[in-house]
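Descriptive structure summary
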Amino acid sequence: MTAGKADLSYKFGAGRYLQGRGVLEQAGVEISRFGKKPYVIGGPTALSLVRSRLHAALSAAGLDDLMDVHPGAVCHEAAKVRAAAALTGGCDVVVGVGGGRMMDFAKLVAYYLGSRVVNIPTSIATCAAYTPFSLIYTPAGQTIPGNFCYDLEVAAVLVDLDIMANQPVRYVVAGMLDAMGKFLEIKSGHQDMSLADSSLNLYAGYLLTQFTYDRLTALADQVCQDVVAGKVTQNLEDVTFINIPLTGIISALSRGTGQSALAHELYYQARLLFTDDSQATLHGEFVGCGMIMQLYYNGTPELIEPFISLLSRLGAPDCLSRTGIRPTAENCRNLLDAIKTSQRVSRDAAMLERLDAAFALIAH
């Protein structure tokens, strides 16, 4: 599994995607397609949730395994150490268990091990389990610009709905906001998007983002109630499928860049400039807050109030002070200046003025 800069190929996320109840019990058979001894890497909480079921599934398939806990950042330094441990242990496939951070880390470990990767997400807070790239950070947790792209897709993604029904509802909300953000960001600076003004692949992605935005808006309140109750429902099945593979396919259609704009840029710059202060806020929560900016930047300010109402119902932040960042004049100036350096921001004077007004909506 090699990696580097994005190329011109379309990689649609995962070779195999399984979603349903009892999927974890199929993990041994699925993983055996790609290796004989898995190196299982996960966060402490995630591994504690699946360890016994996963170990039993691996044993039933005749697979020995090596399990390791990684509580730190998605960084090259740590991935090299874990890959060396996997190699010493005779492992030939990496299995990631956890949330978006661990999904990205497992892909990076597999890159250094030179193996395939199978991801078992324990939350739907991002589509990271499915995408063929990782967001990389320094050991201290600062963002490193650009996606670290892989030459091959993820080998398989295994989603057990019983696990999804028992995740913190906050992760469900973050995943929905991350997915919804694509609809606003893909048309960044415009109220709408047409085939005449874009490439076919990007327009196809746009049509998918419109569907996912509408469905998630309709399902958001009820699916949160379902997860609070620990119920596997059709709502949860649909939201899970939207948050992971559908959003991953949207990313693939735009080759990992065209579907992100101001909302994601807010996350990247916040992690870079305010690393410690921003740690308690999830990726999707930053995206949700950034969507307020994006709505204004797109020329649709009339949609801001109902969207803020949705954020309020879902318990998601709608301003900087609720993300852990102190909205001082200096902090706001530094953050806005950093966002303006993004290639996703128009250099047109009128659009820069619009961005100033958009940022002011969350700068409190």
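Described below are features of the structure shown in this document. It should be emphasised that the depicted structure is a prediction, and the values quoted were computed from it without experimental measurement.

**A word on helix H11 (residues 304-314)**
Residues lying three or four places apart along an α-helix face the same way, a consequence of the helix completing one turn every 3.6 residues. Here H11 has its buried residues at Ile 304, Phe 307, Leu 310, Leu 311 and Leu 314. Along H11, the residues classed as buried sweep out an arc of 120° about the axis, all on the same side. What points out from H11, more than 90 degrees from its buried face, is the exposed set Glu 305 and Ser 312. Residues of H11 that are buried sit in contact with helix H6 (169-185), helix H7 (200-228) and helix H10 (283-297). One or two steps after H11, the chain reaches Gly 315, where phi turns positive at roughly 75°.

**Remarks on the packing of aromatic side chains**
Per the counting criterion, the structure on display carries 12 aromatic pairs. Linked through ring pairs, Tyr 111, Tyr 112, Phe 148 and Tyr 150 together constitute an aromatic cluster. Lying over the aromatic face of Phe 183, Lys 187 brings its terminal NZ or CZ to 3.9 Å of the ring centre.

**Concerning the sheet that holds strand S5 (residues 93-98)**
Taken in spatial order, the six strands line up as S2-S9-S6-S5-S3-S4 in an open sheet, and their pairing is parallel. Since the sheet does not close on itself, it has two edges, and those belong to strand S2 (14-20) and strand S4 (66-69), each with one partner. Geometrically, the sheet is characterised by an average inter-axis angle of 15° between neighbouring strands, direction not taken into account. Inspection of the sheet shows S2 paired to strand S9 (residues 154-160) by six bridges, in the parallel sense. By the bridge assignment, Leu 18 is partnered in S9 with Leu 158. Along the sheet, helix H2 (residues 44-60) makes contact with strand S3 (38-42), S4, S5, strand S6 (116-121) and S9, crossing S4 at roughly 175°.

Scoring rules and cut-offs
Residues numbered from 1 in each chain as written. Predicted model: local features only at pLDDT ≥ 70, side-chain atom pairs only at ≥ 80, totals over all residues. Heavy atoms only, no water. Buried < 20%, exposed > 50% of the residue type's maximum accessible area, 1.4 Å probe, protein only. Helix = DSSP H or I, 4+ residues; strand = E, 2+ residues; numbered from the N terminus. Arc of directions from axis to C-beta. Contact = heavy atoms within 4.5 Å. Phe/Tyr/Trp six-rings, centres within 6.5 Å; stacked < 30°, edge-to-face > 60°. Lys NZ or Arg CZ within 6 Å of the ring centre and 35° of its normal. Pairing = 2+ DSSP bridges. Axes fitted to C-alpha atoms, helices over the stretch in contact; angles between N-to-C directions.

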